[in-house]
Amino acid sequence: MTRVDIKRDLDALNKQIAAANRALFKSAGLYVINLMGSPGSGKTTLLENILPRLQDHVRTAVIEGDLATENDALRIRKTGVTALQINTNGGCHLDARMIENQLSRLDLAALDLLIIENVGNLVCPASFDLGEDLRMVLLSVPEGADKPVKYPTAFLNAQAVAITKTDLLPYLNVDLDEMKRYMAEINPKLVVFETALKGGVYEAERLVAYILEQVRQKKGK
Amino acid sequence: MHETALMQNLIATVLQVAEKHNAARVNRVVLSVGKLANVLPEALSFAFEALTQDGIMKGAELEIKHLPAVARCDSCGHEYQVDEWPLSCPACQSRSFVITGGEEVYLESIDCVEKSVHGEGSEG
């Protein structure tokens with residue numbers, strides 16, 4: 001019997017493709033956001049509402065990831081923003097190769113911002129670098145305050161969090177301060193935003209300003 | 001949740017290595033999994049068993065080694081093992097850190113039986 005030492009990182013290929021994606025985004029001066037969160041946390045709703053405000057200032061495109069259907073891409077296209085749909089056919093996350101395969105369909109030099117909406121899942125997407133600049137997790141109020149400690153890796157690997165559906169706070173037994181405390185326990189560096197739908201208006205001004213500033217900073221480099 | 005895909009990738013790698021080493025059989029595969037890798041060892045073992053029902057890996061054993069999560073302090077550079085949240089540096093109590101280990105999934109080694117010089121699989 002022979003022992004063969006291999007010591008091979010099973011994620012090496014994804015890391016390598018993610019690095020190539022990142023280099024491509026850098027040379028195009030394109031800022032890329034990887035948006036992740038549970039199914040129903042409000043990822044597509046957030047995009048539908050902030051895209052028209054972003055599009056006023058920066059040229060934006062969206063890549064949508066879902067197990068099946070083109071529903072989300074159709075919703076995004078209604079805002080006038082280009083949207084590509086990836087169907088993972090049961091796959092629980094997007095990987096760097098899936099993104100690489102879409103890039104030839106976009107004119108990267110004619111864009112400032114690319115937002116990738118990951119498959120709805122608070123677990124697996126956190127383990128796959130896509131080449132993004134910013135990882136943003138969405139956590140909706142109804143999901144409960146302690147999700148950050150129950151699903152730590154999603155929050156550990158993110159730089160920003162948007163707490164969505166804060167307009168539902170009066171109807172739920174969820175403490176927003178407790179939710180933020182749990183987030184800070186896992187990752188004290190997280191930048192935290194809140195969004196709400198009030199009187200038919202989607203409130204996300206700080207988040208929109210933050211994204212525009214990040215895009216501007218990358219362009220300036 | 002993606003343990004089966006991970007295992008398919010692992011087995012493809014094992015088979016490549018086994019072929020290169022002229023193996024008739026693979027008896028054991030050693031894998032190391034970090035605490036923050038988001039994969040469930042039980043699901044990995046189940047997928048391994050399901051995917052090694054025949055061929056040169058039939059009946060092979062899977063050993064999973066667990067790697068701890070490791071953080072490096074942003075303030076003093078000290079590296080420490082992550083056991084529970086919230087983290088604070090045991091050396092300087094700073095709460096600012098970067099994770100430097102615990103997300104990895106590594107194929108460590110395989111034990112294989114080489115084909116005999118007569119070209120038939122040896123039962124070694």
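In what follows, the accompanying structure is described. Values in this document were obtained by computation on a predicted structure and should not be read as measured data.

Here we look at the state of the cysteines
For step 1, the next point in the chain: All told, the structure shown has zero disulfides over all chains when counted by the stated rule.
For step 2, the next point in the chain: The thiol of A:Cys124 is unpaired, and the distance to the nearest cysteine sulfur, on A:Cys92, comes to 3.5 Å.
For step 3, the next point in the chain: In this structure B:Cys73 is a free cysteine whose sulfur lies 3.6 Å from that of B:Cys92, the closest cysteine sulfur available.
For step 4, the next point in the chain: Among the residues examined, B:Cys73 registers a relative accessible area of 3% and is labelled buried.

Some remarks on the nonpolar core
All names here are of chain A.
For step 1, the next point in the chain: Counting residues in hydrophobic clusters, the biggest one holds 30 residues, and the most contacted among them are Leu-54, Leu-113, Ile-115 and Met-136.
For step 2, the next point in the chain: Counting residues per element, the ones that place at least two in this core are β2 (31-37), α2 (43-55), α3 (71-77), β5 (113-117), β6 (134-140), β7 (160-164) and α8 (205-220).
For step 3, the next point in the chain: With six residues, the single largest contributor to this core is α8.
For step 4, the next point in the chain: When residues no more than four places from it in sequence are discounted, the contact partners of Leu-113 are Leu-30, Tyr-31, Ile-33, Leu-54, Val-58, Arg-59, Thr-60, Ala-61, Ile-211 and Val-215.

Focus: the interface of chain A and chain B
For step 1, the next point in the chain: The partner chain B presents 35 residues to the 28 residues of chain A that form the contact.
For step 2, the next point in the chain: For the pair chain A and chain B, the summed buried area comes to about 2800 Å², and 58% of that belongs to carbon and sulfur atoms.
For step 3, the next point in the chain: Between the two partners, chain A and chain B, sit three salt bridges.
For step 4, the next point in the chain: Here B:Glu108 makes a salt bridge to A:Lys7, at a shortest N to O gap of 3.2 Å.
For step 5, the next point in the chain: The interface formed by chain A and chain B holds 19 residue pairs in polar contact (both at pLDDT 80 or more) in total.
For step 6, the next point in the chain: Contributions of two or more residues to the side of chain A that touches chain B are made by β1 (2-9), α6 (152-156) and α7 (176-186) of chain A.
For step 7, the next point in the chain: Here the side of chain A that touches chain B takes eight residues from β1(A), the largest share from any one element.
For step 8, the next point in the chain: Partitioned by chemical class, the residues of the side of chain A that touches chain B number 14 nonpolar, six polar and eight charged.
For step 9, the next point in the chain: Here β1(A) pairs with strand β6 (residues 105-114) of chain B via six bridges, running antiparallel. Looking at β6(B), one finds that A:Thr2 is bridged to B:Cys112.

A look at the side chain of A:Asn121
For step 1, the next point in the chain: Locating A:Asn121 in the fold gives a position in the loop between β5 and β6.
For step 2, the next point in the chain: From its side chain, A:Asn121 meets the backbone nitrogen of A:Cys124 in a polar contact 3.3 Å long.

What to know about the sheet that holds β2(A)
Residue and element names in this part refer to chain A.
For step 1, the next point in the chain: Ordered by their spatial adjacency, seven strands build an open sheet running β4-β3-β5-β2-β6-β7-β8, and the pairing between neighbours is parallel. The sheet is open, and its two borders are formed by β4 (82-87) and β8 (191-194), each paired with just one other strand. With direction set aside, neighbouring strand axes in the sheet form an average angle of 20 degrees.
For step 2, the next point in the chain: Where strand β3 (residues 60-66) meets β5, five bridges bridge the pair, whose relative direction is parallel. Looking at the pairing, Ala-61 lines up with Leu-114 of β5.
For step 3, the next point in the chain: Contacting β6, β7 and β8, α7 runs over the sheet at an angle of about 160 degrees to β7.

What about the pattern of salt bridges?
All names here are of chain A.
For step 1, the next point in the chain: If you walk through the whole model with that rule in mind, you get 20 salt bridges over all chains.
For step 2, the next point in the chain: Note that Arg-53 and Glu-205 form a salt bridge whose closest N and O atoms lie 2.7 Å from each other. With Arg-53 in helix α2 and Glu-205 in helix α8, this pair connects stretches of sequence that are 152 residues apart.
For step 3, the next point in the chain: Linking Asp-72 and Arg-75 is a salt bridge whose minimum nitrogen-to-oxygen distance equals 3.9 Å. Here Arg-75 and Asp-72 lie together in helix α3, a separation of three residues that amounts to about one turn.
For step 4, the next point in the chain: With relative accessibility at 30%, the residue Arg-75 sits in the partly exposed group.

Comments concerning the layout of surface pockets
For step 1, the next point in the chain: Volume-wise, the largest pocket comes out at about 990 Å³.
For step 2, the next point in the chain: Mapped by element, the contributors of at least two residues to the lining of the largest pocket are β1, α1 (12-27), α4 (96-103) and β6 of chain A together with α1 (3-20) of chain B.
For step 3, the next point in the chain: Partitioning the lining of the largest pocket into residue classes produces 17 nonpolar, twelve polar and 13 charged.

Regarding unusual backbone geometry
For step 1, the next point in the chain: Geometrically, the link from B:Trp85 to B:Pro86 is a cis peptide bond, its omega value of -5 degrees lying close to zero.
For step 2, the next point in the chain: Note that B:Pro86 resides in the loop between β4 (79-82) and β5 (97-101).
For step 3, the next point in the chain: Notably, A:Lys7 is not glycine yet its phi reads approximately 50 degrees, a positive angle.
For step 4, the next point in the chain: With phi around 50 degrees, A:Asn89 is a residue other than glycine that occupies positive phi space.
For step 5, the next point in the chain: Assessed through its relative accessible area of 70%, A:Asn89 is described here as exposed.

Analysis parameters
- Counting of residues starts from 1 at the beginning of each chain's written sequence and follows it residue by residue.
- Here the convention is simple: chains get letters from A, ligands get numbers from 1, in the order in which they are written.
- Only residues with pLDDT of at least 70 are given local features in this predicted model, and only at 80 or more are side-chain atom pairs given and counted; all residues enter the totals for whole chains, interfaces and linings.
- As a rule here, side-chain values come from all non-hydrogen atoms in the structure, and water together with hydrogens is ignored.
- We call a pair of cysteine sulfur atoms a disulfide when they lie within 2.5 Å.
- Exposure categories follow from relative accessible area, calculated using a 1.4 Å probe and restricted to protein chains: below 20% of the type maximum is buried, above 50% is exposed, and the middle band is partly exposed.
- In this text, buried Ala, Val, Leu, Ile, Met, Phe, Trp, Tyr and Cys residues form a nonpolar core when linked through side-chain atoms within 4.5 Å.
- For the purposes of this entry, the term helix denotes a DSSP run of H or I that reaches at least four residues, the term strand denotes a run of E that reaches at least two, and both are numbered from the N terminus.
- Any two residues whose heavy atoms approach within 4.5 Å are treated as being in contact.
- Here the quantity called buried area is the accessible surface, traced with a 1.4 Å probe, that two parts lose on coming together, added over both.
- The term salt bridge refers to a pairing of a side-chain nitrogen on Lys or Arg with a carboxyl oxygen on Asp or Glu at a separation within 4 Å.
- Think of a polar contact as two N or O atoms within 3.5 Å of one another; within protein, one of them needs to be a possible hydrogen donor and the other a possible acceptor, and neighboring residues in sequence only count if both atoms come from side chains.
- Three classes are used: nonpolar for Ala, Val, Leu, Ile, Met, Phe, Trp, Tyr, Cys and Pro, charged for Asp, Glu, Lys and Arg, and polar for all others, with Gly counted as polar.
- We treat two strands as partners when DSSP finds at least two bridges between them.
- For helices, the axis comes from a line fit to the C-alpha atoms of the stretch in contact; other axes are also lines fit to C-alpha atoms, and the angle between any two N-to-C directions lies between 0 and 180 degrees.
- Definitions used for this entry: grid spacing 1 Å over protein atoms alone; cavity, a set of points where a 1.4 Å probe fits but cannot get out; pocket, an open set with protein on both sides within 12 Å along at least 5 of 7 lines; lining residue, one with an atom within 4 Å of a point.
- Grid points are joined across faces, edges and corners, and a volume is the space filled by probe spheres set on the points.

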